[in-house]
Every structure is written in C-alpha cells, then in structure tokens.
Amino acid sequence: MDGDAEGVWSPDIEQSFQEALAIYPPCGRRKIILSDEGKMYGRNELIARYIKLRTGKTRTRKQVSSHIQVLARKKVREYQAGIKVSSHLQVLARRKSREIQSKLKDQASKDKALQNMAALSSAQIVSPSMIKNHLPPLSPAPYQPTRFWPAPISVQPGPSQDIKPFVQPPYSALPGPVQQPIPAYEPLAPPPAPSATAVPVWQDRTIASSKLRMLEYSAFMEVQRDPDNYSKHLFVHIGQTNPSYSDPLLEAVEIRQIYDKFPEKKGGLKELYEKGPQNAFFLVKFWADLNSSGMLDGPGSFYGVSSQYSSMENMTITVSTKVCSFGKQVVEKVETEYARLEGGKYVYRIHRSPMCEYMINFIHKLKHLPEKYMMNSVLENFTILQVVTNRDTQETLLCIAFVFEVSSSEHGAQYHVYRLIKD
C-alpha cells in the first residue's frame, strides 16, 4: 500500500472513507458535537465512526490519520510528476494528473499550483471541497460508478450484491404517473369509509394523523438570475390538496416490507411503529425531477427544503429528518417549530431550511450518472425517514418514510402516498 501501515483498505471501507471526507471538512483541532449523542469528536474520530456505521468494520482514529497522510503524499506526487501510483487509486490518479497538466499550460501556473499544494495540510489535500479552492478547476470526470458504492453497477439494470433491492421487481418496471400505485408493493384492501361526522375529511386521504396534517413538502434548488429574480427547480413536491369524502381512502402497505430500508436500532421505524399511534405512519414514493439543465448550478445556488403542517392543537413540534443509506442513518437534522394561529387552526412552517452538504453532494453525483436506470439502482438503497413529535410529550405526530425513483415524465416531480399498517 505504498507505506500505508494500517493495512489494506478494502473497496467498501475506502468508499465510506471518501464519503466521510466529503461530509466532515477539515476542522483543525476543534471538536464537533453530535446532537443525538452530545459527545465531542475530532474529524478523524467522526470518519472512523462513519466507517463503522457503514461497513461494520473498525478503523481507529490513528489509522484514519495515517491513511489521510498517505493519500496526501500520493496526491502531492501526482501534481509534481504525474507518475503512476501502485494503489487501488491509480486509475483516478493518472486521469487527474493528465487533467491538471492540461490546465497548467505554462511554467508560471505550474509553479503557483505547486506552491499552493505545499501550503496545504494533509487533511486539506484529500478534501475535495478544500483542494478545489487552491488549484485550477478540472473538467468533469467521466462516469465512475465506484464513487457511489463498493462495486460497479452492472451494465444492465437489475439487482446485484452491492445494490440490495426490495423483494419485489426492480423500480425500472414501475410506471411514472402519480395515479399509478407502486406495483412492487402489494396494496391491501382499504377499510370501510368513515361517516362524515366521525373523522375529518383529510384523515385517511392525506398525510395526516388524528393530531397533525402535512400540508406541503418540497425540496428544491434556487439560482439568482438578477438582484430581484430567482429561478426555482423542484426536485420533489407535495402540494396542498382539498380532499372530499367522495375521494378514495389511501391504499395500505405492509410496514414490514420496508423495515430493512430504515434504521433498526433504538428509535428506528420498527420501534416507532410499535409505540404508535399507528395512524401516524405513511409511505411516500417520490418520482424525483433531476432535470434542472435549464438552470446554471454554481456557487450561488441555494438548496433547501420547505414543509408546512397544521393542527387543531397549540403545541411545539420537533421535526427529525434522517437520511439513510443501505438502511443505516448517515445524517440527521432536527428542527423545532412553534404554532401560528391562522383561520381557526394552528399552522407550522419550516421555510427554506438549508439542505445539508451530504445531500447536496449526493444530488450532484446522482445527476452526473449517464443513465436513469443507474440513478434508480442507487436510489433503491437511499431513503429518508421524517418523524414529527410533540416536543413536550414526545408523542409521535407523524412518521413518513420516503423512497425514491427518477421521474421520466415531462410533468416533472410526482408522488404517491400510502398508509403503513401491520397486518
């Protein structure tokens, strides 16, 4: 391993290591506090923790530090001489060397780049977000599926040991329109319609429990066109509806079909459902619109999430959003929102909440895959779990499991909602 004293870093460990580098930028001697644990971690400790969560394999803080230094020395040699390296990164290294040499057209530029490189620490050299600010930009790299998961995606859509599918047919066989249910799931017969006086019209027809209703949800990108105008692209969107008692009830999906797509430890989907109330649990299938080619994405782009809820009760809510990969949590965002009395009901708005760096990087990588079936193969193992609770009583008000596929419709983002039940 060319001096890599901690031993062979297998592809799955290396993939998790690279993901962690993007998530946790260099922070010097500062510590980072994780909100769900209250503990303080250095960057290398966080990277080791991430590797353990993703792969189940242990790498110590010192092993991570050693690996960073080894990779930093390799990158320095690539810039200085463009020589071949003997590690598992040699293909990437050769390509980067050629790209950099083509950009550095004169000796003065070369000298300046090498001076910038010499001023960087090891942690900065191997961090993409840091090195791009010190060296000339590179042209887009060709598609490399190994940047997503440990092994390449096969040339034809379908399951592999690295892309673990649902137990039903692959997403590529699913239709796009919102009106179509997901054929992969087996919808159960809806319950008898309630009388108009027993249950509010929106319950069992929208994302709503007996105490809280989701009115709107969107994830988007905004680009400023001029000082007064912005362009907005919706990746996913749930708009407000006005249901009537004549509308059909939501179809039901057996919750055990999706247990393996979400965390199973304390506070996971299974434990939450057993705690209840069961009428607060929903599955949303998104057909995400990644076609934002009409907008120029750049440093000034804003990635955000907005959501809105309503209730007949005045309470303070806590919204936890967990991003999961292969059923394991990788990022969690917790937000608190207070009620506003509007039109005889209490409304809760989380407006333009900034998207985390992990999600922005994930979207960028996903959009650069050349084929939709490759995107869908990745999305089979990507899920989001949103849990809304009463901050004071800790009661679950809503629990929404999000699964994703890429939209092939000219109408953009689409969605379909299911109730989650346990038969």
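These numbers were taken from a predicted model, which means no experiment stands behind them.

Criteria and cut-off values
Residues numbered from 1 in each chain as written. Predicted model: local features only at pLDDT ≥ 70, side-chain atom pairs only at ≥ 80, totals over all residues. Heavy atoms only, no water. Helix = DSSP H or I, 4+ residues; strand = E, 2+ residues; numbered from the N terminus. Buried < 20%, exposed > 50% of the residue type's maximum accessible area, 1.4 Å probe, protein only. Contact = heavy atoms within 4.5 Å. Areas by Shrake-Rupley, 256 points an atom, 1.4 Å probe, with all protein chains shown as cover. Salt bridge = Lys/Arg side-chain N within 4 Å of Asp/Glu carboxyl O. Pairing = 2+ DSSP bridges. Axes fitted to C-alpha atoms, helices over the stretch in contact; angles between N-to-C directions. Phe/Tyr/Trp six-rings, centres within 6.5 Å; stacked < 30°, edge-to-face > 60°. Nonpolar A, V, L, I, M, F, W, Y, C, P; charged D, E, K, R; others polar. Parallel < 35°, antiparallel > 145°, perpendicular 65-115°, else oblique. Left-handed = near helix turned anticlockwise from the far one by under 90°. Core = buried A, V, L, I, M, F, W, Y, C linked by side-chain atoms within 4.5 Å.

Points about the overall build of the protein
- The secondary structure content of the protein amounts to ten helices and 14 strands.
- Counting every position in the protein, which comprises 423 residues, the buried fraction comes to 47%.
- Contacts spanning at least 24 positions in sequence make up 72% of the contacts within the protein whose residues lie at least 6 apart.
- As presented, the protein carries roughly 21200 Å² of accessible surface, and 53% of it is formed by carbon and sulfur atoms.

Some remarks on the pattern of salt bridges
- The full count for this structure, using the stated rule, is ten salt bridges.
- Here Asp12 makes a salt bridge to Lys57, at a shortest N to O gap of 3.0 Å. In this pair, Asp12 sits in helix α1 (residues 11-23) while Lys57 sits in the loop between α2 (43-55) and α3 (61-81), placing the two residues 45 residues apart along the sequence.
- Under the relative-accessibility criterion, Asp12 is labelled buried at 19%.
- Across the salt bridge formed by Arg391 and Asp392, the nearest N and O atoms sit 3.6 Å from each other.
- Residue class for Asp392 comes out exposed when judged on its relative accessible area of 57%.

Focus on the sheet that holds strand β9 (residues 328-337)
- A sheet is described by the order of its strands in space; here seven strands give the open sequence β5-β14-β6-β13-β12-β8-β9, paired in mixed fashion. The open sheet has two free edges, formed respectively by β5 (252-254) and β9, since each of these has just one partner strand. Averaged over neighbouring strand pairs, the angle between their axes works out to 25° when direction is ignored.
- Note that strand β8 (residues 317-325) and strand β12 (residues 382-390) share nine bridges and pair antiparallel. Residue pairing for β12: Cys324 is matched across the bridge by Thr383.
- The strands touched by helix α9 (residues 357-367) are β8, β9 and β12; relative to β8, the strand with the most contacts, the crossing angle is about 40°.
- Helix α10 (residues 372-379) contacts β12 and β13 (396-406) of the sheet and is inclined by roughly 150° relative to β13.

With respect to the sheet that holds strand β7 (residues 302-311)
- Judged by pairing direction, the sheet is antiparallel, and its five strands sit side by side in the order β4-β3-β7-β11-β10 without closing on themselves. The sheet is open, and its two edges are formed by β4 (229-238) and β10 (340-342), each paired on a single side. Strand-to-strand twist of the sheet, defined as the mean angle between neighbouring strand axes without regard to direction, takes the value 30°.
- Across nine bridges, strand β3 (residues 213-226) lies against β7 in antiparallel orientation. What sits directly across from Phe220, in β7, is Gly304.

Side note on the packing of aromatic side chains
- Scanning all chains against the criterion turns up ten aromatic pairs.
- Note on Phe220 and Phe302: the rings are 6.2 Å apart at their centroids and 45° apart in plane angle, and the pair reads as tilted. Taken together, the residues span a long stretch of sequence, with Phe220 in strand β3 and Phe302 in strand β7 at a distance of 82 residues.
- The class of Phe220 is buried, set by a relative accessible area of 0%.
- Classification of Phe302 as partly exposed rests on a relative accessible area of 22%.
- Geometrically, the ring pair formed by Phe382 and Phe404 is tilted, given 5.5 Å between the ring centres and 50° between the ring planes.

So, the packing of α9 against α10
- Contact geometry of α9 with α10 gives a least axis separation of 9 Å together with a crossing angle of 145°. Between α9, through Phe362, Leu366 and Lys367, and α10, the contact on the second element is made entirely by Met375, Val378 and Leu379.
- Of the residues assigned to the contact of α9 with α10, the class counts are five nonpolar, no polar and one charged.

Thoughts on the packing of α1 against α2
- Where α1 meets α2, the axes come as close as 9 Å, and the angle between the chain directions of the two elements is 135°. On the basis of their axis angle, the class for α1 and α2 is oblique. Like other packed secondary-structure pairs, α1 and α2 cross with a definite hand, here right-handed. Seen from α1, the contacting residues are Asp12, Ile13, Ser16, Phe17, Glu19, Ala20, Leu21 and Ile23; seen from α2, they are Arg43, Ile47, Tyr50, Ile51, Arg54 and Thr55.
- Looking at the contact of α1 with α2, its residues break down into eight nonpolar, two polar and four charged.

Observations concerning the nonpolar core
- Counting residues in hydrophobic clusters, the biggest one holds 65 residues, and the most contacted among them are Phe17, Ile47, Ile207 and Tyr309.
- The biggest single contributor to this core is β13, with six residues.
- Apart from the residues within four sequence positions on either side, Ile47 is in contact with Phe17, Ala20, Leu21, Tyr24, Val64 and Ile68.
- Ranked by size, the runner-up nonpolar core spans 19 residues in total, among them Tyr259, Leu272, Leu385 and Cys399.

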